[in-house]
Amino acid sequence: MRKFKTESKKLLDLMINSIYTNREIFLRELISNASDAVDKLYFRSLTDPSVAVGRDDLAITVGYDSEARTVTVSDNGIGMTKDELDRNLGTIAHSDSFEFKAAQAEAAAESEPGEAKGLGDLTDVDIIGQFGVGFYSAFMVGGKVRVVSRAIGSDEAWAWESNGVDGYDIKPAERAEHGTDVIVYLKDDTDEESFGTFATEHGLTQLIKRYSNYVRYPIKMEVTKSRKVEAPEPAEGEQPAAPTWESYTEVETINSMIPIWKRKKSEVSQEEYNEFYKTDFHDFEDPARTISVHAEGSLNYDALMFVPSRAPWDMYSKDYQRGLALYSANVLIMDKCEELLPDYFGFVRGVVDSSDLTLNISRETLQHNGQLRAIARRLEKKIKADLASMRDDDREAYERFFEQFGRTLKFGIYQSYGMAKDTLADLLLFYSAKQQKMVTLDEYLADAPTGSDAIFYAAGDSRERLASMPLVTTVLAKGYDVLLCDADVDEFCMMAMGAYGEHAVDGDDENKQPYFIKNVGAEDLGLTTEEEKKEAEEATESNAELFAAMGEALQGKVERVVVSTRLTDAPAVVTSEGGVSLAMVQVLKSQPGADDLPDLHLVLEVNAKHPVFATLQAAHEAGDDGKVRTYAGLLFDQALLVEGIMPENPLAFAQAVAELMK
């Protein structure tokens, strides 16, 4: 027995037990090696006239024997001599494929224009191997591995055999033609591992489709099928025989071979894209958008992305996994590569394939995330551009999309503390109280009166209720629009943005300021005239004792009572100071851990021109302090009801109303 040409017991143990984390990838590695062997032979046929090989004749075959507990991966590729078996399999971490790629690259660099066709041309040859360790993953599931190989042009075949521990033997063998067979003798099952599932038709076909579906050569396997047995025609007067079925086996190509994402968009119909999306991403609806990317330059990659028509049921759960499937040289590396998508585009499904990625030795993760970040930045721009195109060219479809995923875009602005607003803000839609439809922020500003310097919004749980709120109707009466925000994330999004766009100050294009985003119920909107302010100040001063009495009656509920400058028909309204609105507190109360909420600084604004205020003045002048307290409480509670908030003591409110009705 020969010893491995390294510290075998240490290094091989590391290969088998530490480098790979998922046992089932052994089949991916063996198929990748077989694909490399076939590619090498095909390349040889391009440069050596004595090698007559047709591309259609090249294939990989996978077989199994459930009783013998073996899995076999065979190819009709270039094969190996005795010395090559010794060098490639006896020396751990020696990659013949890597040397092949390096040699061809060097030959291409040194060749002159017009030299033999195919020299150094790897455009049609996609060597996968890099490290020379993938083969040893077979020992994760196999107690013994036997390799039988016959090199192209040789009459001899040789068998390499090892248990992955002590060493290996190389002996003469028989093989009818060039190529290689790798036979894995599976380990015995344990309580933790069922290795026997790998020696089944279902187990192997699932692994091939999962990891090697797009290897460029056909992966063939004998599969079991059933067919109806034709029964003889019944004699006259006899009942037809019951249908019977029989099983039979047939060699079938398991993999798809040519990835749809590498084909030009002009060569693929939307129906083909739709079918691929529904099959690979388990959706029953066609995607809303299909985004195809073919990038060449310092980093080459292909990407095919889809925007679903509907949000998945677990989209907003903690278990939802975002990310694109990551392939390298058509071989699956990761099911969900989160680094390729920002959270706010996490609803996008798809694949990215690049042979330029620097993978780690196990090919399960990446060594340099800088490459991934570069791809992610470009994909983000592509997704943004496609969504903007849908917004501008197919508004109805975009509004359907936004109904499903708009919350994710809004949350992206809030979650990034406004850093993502340059990417996302112009994609947002809100309902316009004035225009009676969904609008973008740019469309809101385009319809704003001349001289506008703010974007106004109202937040709550119902668009219909928001439209009838006194503060909203007041702003509308002044000719301005109000965005009605009825999603729980809306106000957080608006506060994170803070401002949007720019406008010239006093017509000076050199002096520009952003449009500040203002909650109609949380701050001074800047719409009050000097005359209105003066009237309010005079009314406040002349009724100072009344307001003090009302403030005392509402002690602990409001900071103060003032005359409103922005009410027309309503008797009173509750507003807040300090940036935390009533609507925001209601949202926070519905969240887990709602015990530690920010303090609300409420102000009761009363309409000094409303008949109710005259009633309050009369009660105060008559010295009826009880009526003042009752009316102050009623005004406060009904103002809360208008905001959609239940009074603190509904029973007391109802009794006060009943008493008033007497």
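Refer to the structure printed above.
Residues numbered from 1 in each chain as written. Predicted model: local features only at pLDDT ≥ 70, side-chain atom pairs only at ≥ 80, totals over all residues. Heavy atoms only, no water.

Colleague: Could you clarify how one ought to interpret the sheet that holds strand β20 (residues 560-563) in this entry?
Modeller: Within a sheet, each strand pairs with its neighbour through backbone hydrogen bonds, oriented either parallel or antiparallel. The strand order β20-β22-β21 describes an open sheet built from 3 strands, whose pairing is mixed. At either end of the open sheet lies a strand with only one pairing partner, and these are β20 and β21 (572-577). Strand-to-strand, the axes of this sheet are offset by a mean angle of 30°, without reference to chain direction. Relative to strand β22 (residues 601-606), β21 runs antiparallel, the two being bridged by 6 bridges. From the neighbouring strand, Thr575 faces β22, where its bridge partner is Val603. Its contacts with the sheet put helix α18 (residues 625-642) on β21 and β22, and the angle it makes with β21 is roughly 75°. (Pairing = 2+ DSSP bridges. Helix = DSSP H or I, 4+ residues; strand = E, 2+ residues; numbered from the N terminus. Axes fitted to C-alpha atoms, helices over the stretch in contact; angles between N-to-C directions. Contact = heavy atoms within 4.5 Å.)

Colleague: So what exactly am I meant to see when it comes to the pattern of salt bridges here?
Modeller: For side chains bearing opposite charge, pairing can occur when the charged atoms are close. Per the stated rule, a full pass over the model turns up 31 salt bridges. For Lys262, the salt bridge goes to Asp353, with nearest N and O atoms at 3.9 Å. You can see Lys262 sitting in the loop between β8 (244-253) and α6 (270-280) and its partner Asp353 sitting in strand β13 (residues 349-353), a full 91 residues away along the chain. The class for Asp353 is buried, based on a relative accessible area of 2%. Ionic pairing is found between Asp426 and Lys384, a salt bridge with its closest N-O pair at 3.1 Å. With Asp426 in the loop between α9 (421-424) and β14 (430-432) and Lys384 in helix α7 (residues 369-393), this residue pair connects regions lying 42 residues apart in the sequence. By relative accessible area, Lys384 is classed as buried at 16%. Bridged by salt links that share partners, the residues Lys384, Arg391, Asp392 and Asp426 form one connected network. (Salt bridge = Lys/Arg side-chain N within 4 Å of Asp/Glu carboxyl O. Buried < 20%, exposed > 50% of the residue type's maximum accessible area, 1.4 Å probe, protein only.)

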